[in-house]
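# Report on the structure
Here is what each chain is made of, one letter per residue.
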Amino acid sequence: MEEEKRVVSEQKKSCTNCGAELKYNPGTTEIKCEYCGHKEAIVEHQDGFQELELKPYLEEMGSQSHSEEILMLHCKNCGANQHIEENYKSLHCVYCTMPLIIEDAYKEDWILPGAILPFQFDQHKSHQIFLKWVKALWFAPNNLKKAALDPQNTKGLYLPYWTFDAQLFANYTGQRGDYYYVSVPYTTTVNGKTVRRTRQERRTRWTPVSGSISGFVDDTLIKASHQRKNPIPGKISNWNLKALEAFNTSFLAGFVTEKYTIPLKDGHFSSTKEAEKIATAWARRDIGGDTQRVNGIDMNLSEQTFKHILLPVYISAYRYSGKKYNFFINGQTGAISGNRPYSFWKIFFFVLFVCILIGLVIAVTNKA
């Protein structure tokens, strides 16, 4: 395969009316000028997703086609690796808000994304979701709302993931459990007298079994970046991958892109572990009965392919009383999660109020 490298920063497109950069308009398939409103359609790739054969990439780690060169900025505070367009308004880390120094930028190869899930709503909408969520927080310090509701703290980030496809075949051994019930006598006391009765107790009859299962494992999703200090909450990590679009750099315009830091081989190792769980679930289904034991799985994966995909998240990072807090919003579904501080005094006065209320109830009850 011929080597093909491209530089993302060269993919920018200027407005034909005013010369400003065209940026992706979330929820559409258009790029738009923020100054004059000019729009252009994003050309769809007729070939669809780029599913890449896994074996050559494990051997050569993407040094062939479908690789590109990208300008990266490394956050010295939290370790995140981010690609930020040259004219991005705020050169600050999306995770910890620390300044990023453009002079520290370096070029690095990455495996070209095969698909992308574009943002479905803009920063203004994400700000409204934050506003609603923060207003509903109990015992939040008053200053929290001022800090969290600054729109400048909210940024859109494309997260890297690996997806793996494979044909799965496995032989298994195990046991099939079928329930049956037996009558068991017991004694109890009724009206001061000891009486003898029976009750039904469940037992399991185990039968040795073996067999084979096969099927297609589609889009096993594996996180492709380490987030030691700022992990993305599982609550917002559910995306509808059926809405993936073929990768086009136009979808990146105006957003930050995080580069994968979990190598392909490590992602493949994790996907194999997930495939083993899938094979075990299929074996249990094949065994049948009321319950099952899977004693052994001999699994084989063939026709393995993968793709590097980008998924959308809005992040708001701020500091309160010397501590950093993050909020996360799924850029497709709007699901929100985050950590937050609590007001000691609000909790103290609430507990005091509850204690007074309980005391009044007891006093009224005693008088009655």
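My aim in this report is to walk through the structure given alongside it, one point at a time.

### Details of unusual backbone geometry
In the Ramachandran plot, N191 falls in the positive-phi region, its phi being about 55 degrees despite a non-glycine side chain. By secondary structure assignment, the location of N191 is in the loop between β9 (154-190) and β10 (193-223). Judged by its relative accessible area of 78%, N191 falls in the exposed class. If you check the backbone angles, E303 has positive phi at about 50 degrees while not being a glycine. Mapped onto the elements of the fold, E303 is located in strand β13 (residues 291-320). The exposed category is assigned to E303, whose relative accessible area is 64%.

### Quick word on the packing of aromatic side chains
This model, assessed by the stated rule, comprises 13 aromatic pairs. Seen from their ring centres, Y24 and F255 are 6.4 Å apart, and the 55 degrees between their planes marks the pair as tilted. Separated by 231 residues along the polypeptide, Y24 in strand β1 (residues 22-25) and F255 in the loop between β11 (245-246) and β12 (256-258) bring together distant segments of the chain. For the pair formed by Y24 and F255, the shared burial category is buried. A connected cluster of aromatic rings, assembled from ring pairs, spans Y24, F119, F121, Y158, F251, F255 and Y314. The lysine or arginine in question, K259, covers the ring of Y260, its NZ or CZ lying 4.2 Å from the ring centre.

### A word on helix α2 (residues 123-135)
Between its first and last C-alpha atoms α2 spans 18 Å; for 13 residues at 1.5 Å apiece the expected length is 18 Å, and the two agree. Its side-chain oxygen placed 3.2 Å from the backbone nitrogen of H124, D122 serves as the N-cap of α2.

### Some points on the pattern of salt bridges
Tallied over the entire structure, the rule returns six salt bridges. Where E201 meets R199, a salt bridge forms, and the shortest distance between an N and an O atom there is 3.3 Å. Exposure remark for E201: the relative accessible area of 23% places this residue in the partly exposed category. Through salt bridges that share partners, E51, D219 and K307 make up one connected network.

### Quick notes on the environment of R196
With respect to the secondary-structure elements, R196 resides in strand β10. A residue is classified by how much of its surface remains accessible, and R196, at 64% relative accessible area, is exposed. Separated by eleven residues in sequence, R196 and P185 have C-alpha atoms that sit 7.0 Å apart. Excluding its chain neighbours within four sequence positions, the residues that come into contact with R196 are P185, Y186 and T187.

### Comments concerning the pairing of β10
Pairing of β9 with β10, which is carried by 29 bridges, proceeds in the antiparallel orientation. Each bridged residue has a counterpart across the sheet, and for Y186 the counterpart in β10 is R197. Counting the residues that bridge the hairpin from β9 to β10 gives two residues, and of these N191 lies at a positive phi of roughly 55 degrees.

### Let's talk about helix α4 (residues 264-287)
Compared with an ideal rise of 1.5 Å per residue, which puts 24 residues at 34 Å, α4 spans 34 Å between its outermost C-alpha atoms and is within 8% of the ideal. After α4 finishes, the residue G288 shows a positive phi value of roughly 75 degrees.

Calculation rules
Residues numbered from 1 in each chain as written. Predicted model: local features only at pLDDT ≥ 70, side-chain atom pairs only at ≥ 80, totals over all residues. Heavy atoms only, no water. Helix = DSSP H or I, 4+ residues; strand = E, 2+ residues; numbered from the N terminus. Buried < 20%, exposed > 50% of the residue type's maximum accessible area, 1.4 Å probe, protein only. Phe/Tyr/Trp six-rings, centres within 6.5 Å; stacked < 30°, edge-to-face > 60°. Lys NZ or Arg CZ within 6 Å of the ring centre and 35° of its normal. Expected span 1.5 Å × (residues − 1). Polar contact = N/O pair within 3.5 Å; in protein donor to acceptor, adjacent residues only side chain to side chain. Salt bridge = Lys/Arg side-chain N within 4 Å of Asp/Glu carboxyl O. Contact = heavy atoms within 4.5 Å. Pairing = 2+ DSSP bridges.

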